[in-house]
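# Descriptive analysis of the structure
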Amino acid sequence: MTNQSHLGFAPDRIDTSRPHPARMYDYYLGGNDNYAVDREAAERLMEIAPDVRTSARANRDFLGRAVRTVVREHGIRQIVDIGTGIPTSPNTHELARSVAPDVRVAYVDNDPIVSAHAGAKLVGAGNTEFVLADVREPETILEHQAIRELIDFDRPVALLLVAVLHFVTDEEDPARIVAALDAALPAGSCLVLTHGTSDFHARELVEEGTGVYEKATASVTLRRHAEILRLFEGYDLLDPGLVQLPRWRPDGPAPEPDEPRRVALYGGVGVKR
């Protein structure tokens, strides 16, 4: 199932005057789908916090491990990936289908650049969809025709909120957003979440780093472990819980002692009760 009619967008919707977090993230990962304004902001942030590239790569690695875990160990065959970002192979559907070829994946992002790539890289494989929408409007996502046609909310779903909620301010209330999305999910569903944190770096460094995003299309709100943990209310966390990303079920050698200290993101996977 692919319905590309909702992939289109007006060119003037692409804001190239300000950095966009998805395009900055693409640059951290070595991609080319970004503009000069994104590269300049990303380089500035890497000057302030050289660990940002390490964190971005750890986030990608965690995504792979988490997706394979929920598909292999918890029988998930439907995924809603919100804030998917610019396609970078292996994408979520590729990760999931390396375990079970029948997994359906709905991608959601608010960046028209992601939409521009979705037709070729995300929805071309069948049983995938892309919706141009914002995590801050969860009801719009859940009610979207493409989502409803692809995802059966009577069966368990994996909800992916990977490196997206730290772009939601306290006033926009990330807990409300997660609760609204959670309300559509049956028991046995999985929440896969990563979130930036200020727990491991000096306050001055955090303030200077987040200041780079003040000029972007979305600011960053880093949160403490306890604040992020509350987003898993109603879910049983899989071992080892909410931890720095390299510590979550590493599938290779154990992380080097200094690696986790360089990764300013927590991640976890929960199963809905």
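Read on for a plain summary of the structure.

Each value, and the rule that gives it
Residues numbered from 1 in each chain as written. Predicted model: local features only at pLDDT ≥ 70, side-chain atom pairs only at ≥ 80, totals over all residues. Heavy atoms only, no water. Buried < 20%, exposed > 50% of the residue type's maximum accessible area, 1.4 Å probe, protein only. Helix = DSSP H or I, 4+ residues; strand = E, 2+ residues; numbered from the N terminus. Contact = heavy atoms within 4.5 Å. Polar contact = N/O pair within 3.5 Å; in protein donor to acceptor, adjacent residues only side chain to side chain.

### Regarding helix α1 (residues 21-28)
Counting buried residues along α1, 7 of its 8 residues qualify, which places the element largely inside the surrounding structure. Within the sequence span of α1, burial applies to Pro21, Ala22, Arg23, Met24, Asp26, Tyr27 and Tyr28. Tucked inside the fold, the buried residues of α1 contact α2 (36-48), α3 (52-74), α5 (112-121) and α9 (203-213). Once α1 ends, the next one or two residues include Gly30, with phi positive near 90°.

### Examining the side chain of Asp81
Inspection of the secondary structure assignment puts Asp81 in strand β1 (residues 78-82). A polar atom in the side chain of Asp81 sits 3.5 Å from the side chain of Thr84.

### So, α5
Since the α-helix advances by 3.6 residues per turn, residues separated by three or four positions end up pointing in the same direction. Those residues of α5 that sit buried are Pro112, Ile113, Val114, Ser115, His117 and Ala118. Residues of α5 that are buried in the fold lie against α1, β2 (104-109) and β3 (128-132).

### Some points on the side chain of Thr169
Within the element layout of this structure, Thr169 appears in the loop between β4 (158-162) and α8 (174-182). Contact partners of Thr169, with chain neighbours within four places excluded, come to Pro174, Ser219, Thr221 and Arg223.

Any functional reading would require information that these geometric values do not contain.
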